[in-house]
Structure formats: structure tokens, C-alpha cells
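# Residue-level structure breakdown
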Amino acid sequence: MNPRVNYTLVGLFVVLLVVAGLMLSALMTRDSRNQNRELYYTYFYDSVSGLNERAAVRYNGVPVGFVESISLVAEPEEAVRLGLRLDPSTPLRTDTYASLQHQGITGLLFVELKSRGTGGDPLTTQENQPTTIPSHASRLVEIAEMLDHSLQQFNQLSAALVQVSEQLALMTDQGMRSQISDLLSATERLVQVAENRVAAFEPEVFQGLALSMTQLVDQLSTQLPQSLTRLEETSITQLTHLSEQITLLSQDARSSSRQLLPLIREAEELLEQLQQEGRSWLRSNQHRPLGPGEEAR
């Protein structure tokens, strides 16, 4: 018997035994739920650095699936699209949203699913048209945005403090101090002049002026309405008389026009007669040309 053939068979048997053991171990440890998990999409508009494929997906802290794919899309907006494989028993509803959370202190991210508790309708999906789960910015992103906003406000406050310090530095200058001192002195002199003018005023004069103005107002308030009433009555009377005169004048004009019409006609006839007589007179005064055999006298 050839010993080399025995070693070959033994080696082949060992290899087959190892392969069979590995296949059995993989079959026993394989999660059969992966075959039944459904595909969903969610979109994030922030950085997903630290999130890897096969990262866990949890619903209220309970593992319900994993991240199957991570890709960039340009429509409708530039965003990161995550393909999520979730258990069919996951209680997804229309008010469910996805967010990114850190896993411990490792810096790795996982997808957290939560519901707003508004009692939305159950969410279903299809393999060829996966349903989109809305996303929500994580608390860390919100905190980072708040810190960035606070930092900007702090920078603005620092710039304002620098301006204030520059203004204070200018005010502490010797020339500025002298200008401020002059301004205060001028203000003091102005106040003193105003006090002197007020002290020089005689209250009796102003009281008499106020009394005169009050009496004048009283007289106007009593006499002005009466004067206006009389003026109105006089104006109405004069306007009425003027209207009557205009009416009479128009009547006289119409009667005069009727009387002047025959006279105008007679004047026209007389004018025509004068024109005819003038033409006949002009023709009679013209010299007739001499005929044959006639001599001029």
C-alpha cells in the first residue's frame, strides 16, 4: 500500500471536515430575519461621518435592523440617502422619524427611530419603491449649531467691546477731556442765562396777557356767531336780489331782441336798395366809347 495516497486522503478528509464545520457554523449563526427585513429610505442633510454600512438601527433603543447602503443623491436636494433594512414587526407610523445618535464614546453612529406619539397611520413599503422615513437633526447637531450661533454672538460682543474701549481711549485723551470740559462749562453758562431770563419775567404781565386773551376769546365766541349769521342773511338777500335782476335783464333782452328783429330786416332791405342804386349810379356816370363817325365834344 502506498503511504503517500493515505496522507492525501486524510488531508482531503480534514479539509472537507473543516469546510463542513464552517458552513454549519455560518448556517447556525446566520440571522434568518435578514431575509424577511423590509427596505426603507431616509435622507440626511448633515454629515454622517462615523456611520458605516451594517450599522445598527434601533427603535426606542431596541435593535430592529441595520443600515444596508449609504449613498449621495442630488434630487430633489443634495443629501445622503440611507437604505435601512428593518424587521416587518417594527411599529413604524407616519409620525416616525430617524435621527443619528452616537454609540457610547467610540464616536460611531447608529440610526435611532422614534415616534412623535401623534397616533399616525401604519407605514408600509415595497421593495421596488421603498417608503421614505422623515429625518430629524440629532441633538448633537443642534447643540453644535447653538454653540456656533453663541460663538458668533460672542464674537460680535467682543467687537462691540473693542469699539467701546477705543471710544473710551479717545475720551481719556487730553484733547477730548478739554473739549468735554468746555462743553460742560458752556452748558452751565446756558443754564445760568436761562435761569436769569426766567427770574426776569414778571408774572403779572403774563397774567394780564392771559386775562386779555381769555376776554378776547369770550367776545369772539359770543359775537362771531352773530356776525356770521348776519353776514349769511345779508349775503342770501343780496344774492336773491341779484338773481331777480338777472332774470328781469334776461326778459328785457328777449323782448328787445324781438323788437330789434324787424328793424334789422328793414335795415337789410334798405342796404340792398342802396347797393342797387349805387351800382346804377356808377353805371350812368361811366363814358360810353365813341362810335364810328362820332366826334368827341
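Residues numbered from 1 in each chain as written. Predicted model: local features only at pLDDT ≥ 70, side-chain atom pairs only at ≥ 80, totals over all residues. Heavy atoms only, no water.

The sheet built from seven strands is open, its strands ordered 5-6-2-3-4-1-7 with mixed pairing. Looking at strand neighbours, the two that pair on one side only are strand 5 (96–102) and strand 7 (131–133), the edges of this open sheet. Strand-to-strand twist in this sheet, taken as the mean axis angle between neighbours without regard to direction, amounts to 35°. Taken together, the three bridges between strand 1 (residues 38–44) and strand 7 define a ladder with parallel strand orientation. Bridging from a neighbouring strand, Y41 pairs with T132 of strand 7. (Pairing = 2+ DSSP bridges. Helix = DSSP H or I, 4+ residues; strand = E, 2+ residues; numbered from the N terminus. Axes fitted to C-alpha atoms, helices over the stretch in contact; angles between N-to-C directions.)

Time to look at the packing of aromatic side chains. Per the counting criterion, the structure on display carries zero aromatic pairs. The residue whose ring lies beneath R54 is F66, and the NZ or CZ to ring-centre distance is 4.0 Å. Geometry around Y41 places R81 over its ring, the cationic atom sitting 4.5 Å from the centre. (Phe/Tyr/Trp six-rings, centres within 6.5 Å; stacked < 30°, edge-to-face > 60°. Lys NZ or Arg CZ within 6 Å of the ring centre and 35° of its normal.)

On to the pattern of salt bridges, then. The tally for this structure, following the rule as stated, stands at three salt bridges. For R37, the salt bridge identified is with D87, shortest N-O distance 2.6 Å. Here D87 lies in the loop between strand 4 (79–86) and strand 5 and R37 lies in the loop between helix 1 (3–29) and strand 1, a separation of 50 residues in the sequence. For R85, the salt bridge identified is with E68, shortest N-O distance 3.0 Å. Placement of the pair is R85 in strand 4 and E68 in strand 3 (residues 62–73), with a sequence separation of 17 residues. For R85, a relative accessible area of 13% translates into the label buried. Residue classification places E68 among the partly exposed positions, given a relative accessible area of 32%. By sharing partners, the salt bridges in this structure join E68, R85 and E127 into a single network. (Salt bridge = Lys/Arg side-chain N within 4 Å of Asp/Glu carboxyl O. Buried < 20%, exposed > 50% of the residue type's maximum accessible area, 1.4 Å probe, protein only.)

If you look at the biggest cluster of nonpolar residues, it comprises 21 residues, and the most contacted ones within it are L51, V57, L86, L92, V111, L113 and I133. Mapped onto this core, the elements with two or more residues apiece are strand 1, strand 2 (56–59), strand 3, strand 4, strand 5 and strand 6 (109–115). Apart from residues lying up to four places away in sequence, V57 is in contact with V62, P63, V64, G65, F66, V67, L84, L86, V111 and L113. Core analysis: the second largest hydrophobic core is formed by five residues, L39, Y41, V73 and A79 among them. (Core = buried A, V, L, I, M, F, W, Y, C linked by side-chain atoms within 4.5 Å. Contact = heavy atoms within 4.5 Å.)

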